[in-house]
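Overview (structure and organization)
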Amino acid sequence: MTDIIVKNATVVTVNNKREILKDHSIAIENDRITEIGPANEMAQKFKGVKKEIEAVGKIVFPGFVNTHNHLFQTLLKGLGDDKVLSEWFTTMTAPSAKLLTEEAVYNAAMLGCLEGINSGTTTVLDYMYPHPVPNLSDSVIRAFKELQIRGIFGRGSVDTGIGIPQEIMQDPGTVEKDFIRLFETYHGSENGRIRIWLAPAAVWLATEEMLLTTWRLAQKYNTGFTIHISETPFDRQASAELHGQPDMEVLQKLRITGPNVLLVHCVYLTERDMRMARFYDMKVSHNPVSNMYLASGVAPIPRMIESGITVGIATDGAASNNTNDMLEVVRMTPLLHKVHTMDPTILTAAKVLEMATIDGARAIGLEAEIGSLETGKKADLFIYNPVLSARSIPMNNPVSTIVYSGSEKCVETVIIDGNILKEDSRLLVADEEKILQNAQKSADKLSVMAGTAKIKERPWQVLAF
Ligand SMILES: [Zn+2]
């Protein structure tokens, strides 16, 4: 029995033929798309469907896949401005990370996921730092469940590294135990929406034992492995000091190679590193806004794409972006590479839409399930109504509109796994205002404890909550 029919829409499929279908309808049963067809034929075929969504004049896109985030950092917006990465980490992010509570992480994740949903995100990969409070990871997963987003939780680990507080280090045995607990409790739960991955922070933040332990677990449990790679020249140098080689070469030496490896940032990959990534089908997560915010550099993304590497895009944590807005990442990605190469043809809007959808899905191993609008795939999509913002009018080409003139105001309806999370611009699965209030309160509390903001001296007031 068909549960939902989205009627009379323009459907940007991002299928193999990259079809854009005018006057089409989409039938959804349970969690899947069961048919996409011309609106008049579909109207004959599907009568009396429980839920009809009128989408005339609107565009349906596959939901965005945000391939890298640190949701707890949503509380840290604006505290790390104008700092170099090492200072940003040691004076702001690390002091906050070690004081996290269950409530703070939950409120941060709720806000971060909400921002994601509002900007068309249907899947997010969170990368939680190790933390001194037991079971803090569960608070992120609780937010995934409550908001019904598709969430991949990367269990982080750090067991060495210059300038890292002891409180956020854990030995490989502790990480292994907690990963197994999380995997057994949550992996595949919520109709398969929740998945658990391994996420050692960086090669220079992990001993060989940690790298091998986490990799062994990823292989044993047949799950993903994600790690920050060559974000700055420091990453390569610190890795060489600890392991004798730059980070990608250490992965090769330890045989941490394969299609389930997602390499984050990759700003300083060499040609040799790229050949290696391509050879083993390792994936890349590109975080252009974060790379600009921290002045990390410009990753050689066009070169990677040309050589056949799968590249997804991401916001990164809000402490190095200040939002969780995927529409902004979608817009910044081509602009950054165009100006960097001084070549306006280097990255097209169509390619960026692929990076945000089907390539992102491939980057996390879910391309058979999500990333495009096709019969048999999961119903993860958003309905875009261009008339809700002056920014999106006139619409001459829906792909150009979403990439260069996109506004979260126009993300009118969001469906994940066949569930309607947001409809007619209203969140149905939680109280949006409450999420904002709770996040502001948690952010204030955390910044006082961590000494990262002087709340009492602020010459402004944050809402009258
Ligand atoms: Zn990161």
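Residues numbered from 1 in each chain as written. Predicted model: local features only at pLDDT ≥ 70, side-chain atom pairs only at ≥ 80, totals over all residues.

1. Notes on the packing of helix α3 (residues 102-118) against helix α16 (residues 432-450)
Counted only if it meets this: Structural elements are reduced to axes, namely lines fitted to C-alpha atoms, with helices fitted over the stretch in contact, and the angle between N-to-C directions of any two is expressed from 0 to 180 degrees. Note on conventions: DSSP H or I runs of at least 4 residues are helices, E runs of at least 2 residues are strands, and numbering of each starts at the N terminus. Each angle receives one of four descriptions, namely roughly parallel if under 35 degrees, roughly antiparallel if over 145, roughly perpendicular if within 65 to 115, and oblique otherwise. Each helix crossing is assigned a hand: it is left-handed if the near helix lies turned anticlockwise from the far helix by less than a right angle, otherwise right-handed if that turn is clockwise. For the purpose of contact definition, each residue receives a C-beta atom placed from its backbone, and two residues are in contact when these atoms lie within 7 Å. Under the scheme applied, nonpolar residues are Ala, Val, Leu, Ile, Met, Phe, Trp, Tyr, Cys and Pro; charged residues are Asp, Glu, Lys and Arg; polar residues are all the others, including Gly.
Where α3 meets α16, the closest approach of the two axes is 9 Å, and the angle between their N-to-C directions is 135°. As judged from the angle between their axes, α3 and α16 are oblique. Crossing of α3 over α16 shows left-handed handedness. Contact residues: α3 offers E103, A104, N107, A108, M110, L111 and L114, while α16 offers E432, I435, L436, N438, A439, S442 and L446. Split by residue class, the contact of α3 with α16 holds 9 nonpolar, 3 polar and 2 charged.

2. Points about the nonpolar core
Selection criterion: For our purposes the nonpolar core covers buried Ala, Val, Leu, Ile, Met, Phe, Trp, Tyr and Cys residues that link as a set through C-beta atoms within 7 Å. Think of it as a crowd count around each C-beta: if 20 or more other C-beta atoms lie within 10 Å the residue is buried, if 12 or fewer it is exposed, and in between it is partly exposed, with C-beta placed from the backbone throughout. The domain limits used here are those given by an automatic or database domain assignment.
With 145 residues, the main nonpolar core has V60, M110, C113 and L263 as its most contacted residues. Here this core takes 10 residues from α3, the largest share from any one element. When residues of this core are sorted by domain, at least three fall in each of domain 1 (4-62 + 373-427) and domain 2 (64-363). For L263, the contacting residues outside a window of four places in its chain are I227, I229, A277, M282, K283 and V284.

3. A look at the domain arrangement of the protein
Assigned domains within the protein: domain 1 (4-62 + 373-427) and domain 2 (64-363). One C-alpha centre belongs to domain 1, the other to domain 2, and the line joining them spans 29 Å. Listed by partner, the interface residues are 21 residues for domain 1 and 24 residues for domain 2. Secondary-structure elements contributing two or more residues to the side of domain 1 that touches domain 2 are β5 (59-62), α15 (398-404), β15 (411-416) and β16 (419-423).

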